[in-house]
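A look at the structure
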Amino acid sequence: MKRIAVIFAGGVGARMKNSKTPKQFLEWNGRPILIQTLDVFEQTETIDGIVLACKAEWIDHTKQLIEKAGLQKVLSIVPGGESALESQYNGLVEAKRLFPDDAVTVLIHDGVRPLVDNSTIERNIESVESKGSAITVTPAIETVMVTQNGSINRILNRNECLMAKAPQSFRLDDIISVHNRAKDEGIHDFIDSASMMMHYGYTLYPVLGETENIKITTPSDYYMFTGIIKNRELGGLKDE
C-alpha cells in the first residue's frame, strides 16, 4: 500500500490581483506558500511520496525551490491543466504511472492550503483505507442560504451543513476511473473531486479538519494566513 499526495498548483491567481506572480509562489518569511504546503506532506511519516501538478512555465522554478527547501518526497512534477480538475487528473495519471502495480491511497490537495495539519492527513488515510473515501470538512459557522431567480428561497439548517476543505482522498484507481468516465461523457463542470465521485455513485465519508485550513485565493485570504501564522508564533489561541 502506497500513500501519495497529489498537489495541484496550476492556477494563475487572478483573484489575488497579482499579475506577475501566481499565488502559490507568494512568500511568507522567505518561503513560498507552495513550499510550505509541500513541507507538511513531507513531514507526515505515512506519506510515501508527492506528485505535483504545476503551471508548465513555472516547473523549472519550482524544481529550484524544492531543491533549495531540501524536500525529498516530491517524486515528479507534471504540467497542470486548464482547470483544477485537469491539473488533478494529470497528477493522478502520473501517480498511476509511478505505481502501476500498487494499491494507492491518494490525497488530493490544493497547493495554496499550507495550513493543513498532520492529524487531518492521517485521518484521511485511515478513512480511505477503511471506508474508501475521505472528504475533509469543517462545521458551517454561518447561515447558508439558497437563492433562485434573484431571491432567497431556502435557508438551510446550519447544524446539518459542512464546509468542504482539503485534502479529498480516495483509492487511486477509483478516482482515475471516474475522471475517465467524465471525459468519455463530455462532462467538464464538476466543482471538485467529491462532486464527481458522488455523481458516479461513490459514498463519501467526512473527516473533520481544522478551520484554519484555508485556501489562499484572494488578498484577504493571504492576510488571514499571515495573521494565523503570527498568532501561532506568539502561542495564541488554537481551535478547540
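Each remark here, short or long, concerns the structure printed above.
Notes on the structure follow. (Residues numbered from 1 in each chain as written. Predicted model: local features only at pLDDT ≥ 70, side-chain atom pairs only at ≥ 80, totals over all residues. Heavy atoms only, no water.)

**A look at the overall build of the protein chain**
- A count of helices and strands for the protein chain gives seven helices and eleven strands.
- Seen along its three principal axes, the alpha-carbon backbone of the protein chain occupies a region of about 50 × 45 × 35 Å.
- Taking all 240 residues of the protein chain together, the buried fraction comes to 48%.
- Long-range pairs, those at least 24 residues apart, make up 73% of the contacts in the protein chain with a sequence separation of at least 6.
- For the protein chain, the accessible surface area stands at approximately 12,800 Å², while carbon and sulfur atoms represent 48% of it.
- For the protein chain, the centre of its 26 positive side-chain charges and the centre of its 32 negative side-chain charges are spaced 4 Å apart. (Helix = DSSP H or I, 4+ residues; strand = E, 2+ residues; numbered from the N terminus. Buried < 20%, exposed > 50% of the residue type's maximum accessible area, 1.4 Å probe, protein only. Contact = heavy atoms within 4.5 Å. Areas by Shrake-Rupley, 256 points an atom, 1.4 Å probe, with all protein chains shown as cover. Lys, Arg positive; Asp, Glu negative; His and termini not counted. Charge placed at Lys NZ, Arg CZ, Asp CG, Glu CD.)

**Details of the pattern of salt bridges**
- Applying the stated criterion to the full structure yields nine salt bridges.
- Across the pair Glu 129 and Arg 3 runs a salt bridge, and its minimum N-O distance is 2.7 Å. Here Arg 3 lies in strand 1 (residues 2-9) and Glu 129 lies in helix 4 (residues 118-131), a separation of 126 residues in the sequence.
- Taking the relative accessible area as the measure of exposure, Glu 129 reaches 31% and is therefore partly exposed.
- The salt bridge partner of Asp 174 is Arg 171, with a shortest N-O separation of 3.9 Å. (Salt bridge = Lys/Arg side-chain N within 4 Å of Asp/Glu carboxyl O.)

**Comments concerning a nonpolar patch on the surface**
- On the surface, a nonpolar cluster with roughly 310 Å² of combined accessible area is contributed by Met 145, Ile 152 and Ile 155.
- When you line up the elements, Met 145 lands in strand 8 (residues 145-148). (Patch = residues over 30% accessible without salt bridge, like charges linked within 9 Å, V, L, I, M, F, W, Y side chains within 5 Å.)

**What about the sheet that holds strand 4 (residues 49-54)?**
- On the basis of which strands lie adjacent, the open sheet formed by seven strands has the order 5-4-1-6-10-7-11 and mixed pairing. Strand pairing shows two members of the sheet lacking a second neighbour, strand 5 (74-79) and strand 11 (206-208), which therefore form its edges. Recorded for the sheet is a direction-independent mean angle of 25° between the axes of neighbouring strands.
- Strand direction decides the pairing type here: strand 6 (residues 104-110) and strand 10 (residues 162-171), joined by four bridges, are antiparallel. Of the residues in strand 10, the one forming a bridge with Thr 105 is Arg 171.
- Packing of helix 2 (residues 59-69) onto the sheet brings it into contact with strand 4 and strand 5, and relative to strand 5 it is tilted by some 165°. (Pairing = 2+ DSSP bridges. Axes fitted to C-alpha atoms, helices over the stretch in contact; angles between N-to-C directions.)

**A few points about the pairing of strand 5**
- Note that strand 4 and strand 5 share five bridges and pair parallel. Bridge pairing in strand 5 links Leu 52 to Ile 77.

**As for the packing of aromatic side chains**
- One pass over the full model with this rule turns up four aromatic pairs.
- For the pair Phe 25 and Trp 58, a centre-to-centre distance of 4.7 Å together with 20° between the ring planes defines the contact as stacked. Note that Phe 25 is positioned in the loop between strand 1 and strand 2 (27-28) and Trp 58 in the loop between strand 4 and helix 2, a separation of 33 residues in sequence.
- Centre to centre, the rings of Phe 190 and Tyr 200 are 6.2 Å apart; their planes meet at 50°, and the pair counts as tilted. Placement of the pair is Phe 190 in the loop between helix 5 (172-185) and helix 6 (193-199) and Tyr 200 in the loop between helix 6 and strand 11, with a sequence separation of ten residues. Across this residue pair, the class does not change: Phe 190 and Tyr 200 are buried. (Phe/Tyr/Trp six-rings, centres within 6.5 Å; stacked < 30°, edge-to-face > 60°.)

**Examining the nonpolar core**
- One finds Leu 92, Val 106, Ile 108, Leu 172, Ile 175 and Met 196 to be the most contacted residues of the largest nonpolar core, which totals 26 residues.
- Of the residues forming this core, the biggest block, five residues, is contributed by helix 5.
- Discounting chain neighbours no more than four positions away, the residues touching Leu 92 are Val 6, Val 106, Ile 108, Leu 172, Ile 175, Ile 176 and His 179.
- Core analysis: the next-biggest nonpolar cluster, separate from the first, contains 23 residues, Ala 5, Ala 9, Leu 65 and Ile 66 among them. (Core = buried A, V, L, I, M, F, W, Y, C linked by side-chain atoms within 4.5 Å.)

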